[in-house]
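In case you want the letters, here they are:
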Amino acid sequence: MTRRRMIYEGKAKILYEGPEPGTLVQYFKDDATAFNAEKKAVLDGKGVLNNRISEFMMTRLAGVGIPNHFIKRLNMREQLIKKVEIIPLEVIVRNVAAGTMSKRLGVEEGTQLPRAIVEFCLKNDELGDPLVSEEHIAAFNWASPQEMDELIALSLRVNDFMSGLFAGVGIKLVDFKLEFGRHFENDVQRTILADEISPDSCRLWDLETNEKLDKDRFRRDLGGVTEAYAEVARRLGIIKESAQGAEIVSFNGAPK
Ligand code: CDP
């Protein structure tokens, strides 16, 4: 393995300098964290599954015209991505009340919302990613008014597409988090989807049983975390049957 320069290490991923200017390599770790990293674990195979699931989602989204940072998967744990300047906001889209929204507003978890709700949180671990309003975003210039419009429009398009995609495989898309970046190409700036889309960043419930197939299994000590992620990958047709799924889950290699 050639030594690559590490650019950034996050909770679940590492970014390395890419092979060409304007590219990065995104490496998916098996590390899981919750409650602002107060709870930690290593879940064998999670990174491999998230690499594949995120590849699948980004590819499908590109196919319906939603620009994103994904270029190609390099190996079991790494993908080549476009380098962007991350907009310091987490965009959360909710279809069903759960998690923080249920706690904050006293809406029972599982309540269908009257329409998709978009929330913004400031990306700041020290502050615990606080909820912010469009007023805050404009006043502190975290995103321009034009970018705000793009974030909302793109997030709702992602929601429409992914809700349908998951419903087709018997999964309810309860909520999810997106991150966006500023991509510069020949002096043209574009807002594109970045980061990852995986069961780490989405709430996914079985349509019939409401069984959780996402990171809440880890947050709430429900067990079977990677098994649930593998089930999502299996339903999406990313991994074939459970036997092969187990093969992928058990892979624990270092980056090639
Ligand atoms: O996850 P938690 O209950 O702390 O917060 P939430 O606001 O209810 O999360 C909404 C959705 O965004 C869930 O699908 C989370 O998994 C996801 N999320 C995330 O991926 N990263 C964060 N820093 C916060 C939320």
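Everything below is about the structure shown above.
Residues numbered from 1 in each chain as written. Predicted model: local features only at pLDDT ≥ 70, side-chain atom pairs only at ≥ 80, totals over all residues. Heavy atoms only, no water.

K.L.:
Explain the pattern of salt bridges here, please?
P.N.:
Proximity of charged atoms lets side chains of opposite charge pair with each other. Using the criterion set out here, one finds 30 salt bridges in the structure. Measuring nitrogen to oxygen at the nearest pair gives 3.0 Å for the salt bridge that ties glutamate 17 to arginine 5. Residue glutamate 17 is located in strand E2 (residues 13-17), and its partner arginine 5 is located in the segment before strand E1 (6-9); the two are separated by 12 residues in the primary sequence. One salt bridge connects arginine 94 with glutamate 119, and the closest N-O pair in it is separated by 3.1 Å. In this pair, arginine 94 sits in strand E9 (residues 89-96) while glutamate 119 sits in strand E10 (residues 112-122), placing the two residues 25 residues apart along the sequence. (Salt bridge = Lys/Arg side-chain N within 4 Å of Asp/Glu carboxyl O. Helix = DSSP H or I, 4+ residues; strand = E, 2+ residues; numbered from the N terminus.)

K.L.:
In this structure, what is going on with the pairing of strand E12 (residues 171-185)? I would like to understand it.
P.N.:
Walk down a regular strand and you will see the side chains alternate between the two sheet faces. Burial analysis of E12 places 12 of its 15 residues in the buried class, the great majority of the element. Pairing of E9 with E12 involves four bridges; the strand directions are antiparallel. By the bridge assignment, valine 91 is partnered in E12 with leucine 178. Where E12 and strand E14 (residues 202-206) come together, five bridges link them in antiparallel fashion. Across the sheet, the residue bridging to aspartate 175 is arginine 203, located in E14. Pairing between E12 and strand E13 (residues 188-194): seven bridges, direction antiparallel. Counterpart to histidine 183 in the pairing with E13 is arginine 190. Connecting E12 to the antiparallel partner E13 that follows it, the hairpin turn spans two residues, and asparagine 186 within it adopts a positive phi of roughly 45 degrees. (Buried < 20%, exposed > 50% of the residue type's maximum accessible area, 1.4 Å probe, protein only. Pairing = 2+ DSSP bridges.)

K.L.:
So what exactly am I meant to see when it comes to the packing of helix H1 (residues 46-63) against helix H4 (residues 145-167) here?
P.N.:
To describe two helices that pack against each other, one gives the angle between their axes and the distance between the axes. Contact geometry of H1 with H4 gives a least axis separation of 11 Å together with a crossing angle of 120 degrees. The angle between the axes of H1 and H4 places the two elements in the oblique class. In terms of crossing hand, the pair formed by H1 and H4 is right-handed. Touching Phe56, Met57, Arg60 and Leu61 of H1 are Val158, Phe161, Met162, Leu165 and Phe166, all from H4. A breakdown of the residues in the contact of H1 with H4 according to their chemical character gives eight nonpolar, no polar and one charged. (Axes fitted to C-alpha atoms, helices over the stretch in contact; angles between N-to-C directions. Parallel < 35°, antiparallel > 145°, perpendicular 65-115°, else oblique. Left-handed = near helix turned anticlockwise from the far one by under 90°. Contact = heavy atoms within 4.5 Å. Nonpolar A, V, L, I, M, F, W, Y, C, P; charged D, E, K, R; others polar.)

K.L.:
Any chance you could explain the sheet that holds strand E3 (residues 23-28) here in plain terms?
P.N.:
In a beta sheet, neighbouring strands are held together by backbone hydrogen bonds and run either parallel or antiparallel to one another. In space, the five strands of this open sheet follow the order E1-E2-E3-E7-E6, with antiparallel pairing throughout. Looking at strand neighbours, the two that pair on one side only are E1 and strand E6 (70-73), the edges of this open sheet. Across the sheet, the mean angle from the axis of one strand to that of its neighbour is 25 degrees, orientation sign disregarded. This element, H1, spans E3, E6 and strand E7 (78-82) of the sheet and lies at about 135 degrees to E6.

K.L.:
What exactly am I supposed to notice about the site of the ligand here?
P.N.:
Around the ligand, a shell composed of 15 residues is seen, among which Arg94, Thr100, Asp175, Arg203 and Arg219 lie nearest. The separation between an oxygen atom of the ligand and a polar side-chain atom of threonine 100 is 2.7 Å. In this structure, an oxygen atom belonging to the ligand sits 2.9 Å away from a side-chain N or O atom of arginine 203. Those elements giving two or more residues to the shell around the ligand turn out to be E9, helix H2 (99-105), E12 and E14. Looking at side-chain class alone, the shell around the ligand contains four nonpolar, three polar and eight charged residues. (Near = heavy atom within 4 Å. Polar contact = N/O pair within 3.5 Å; in protein donor to acceptor, adjacent residues only side chain to side chain.)

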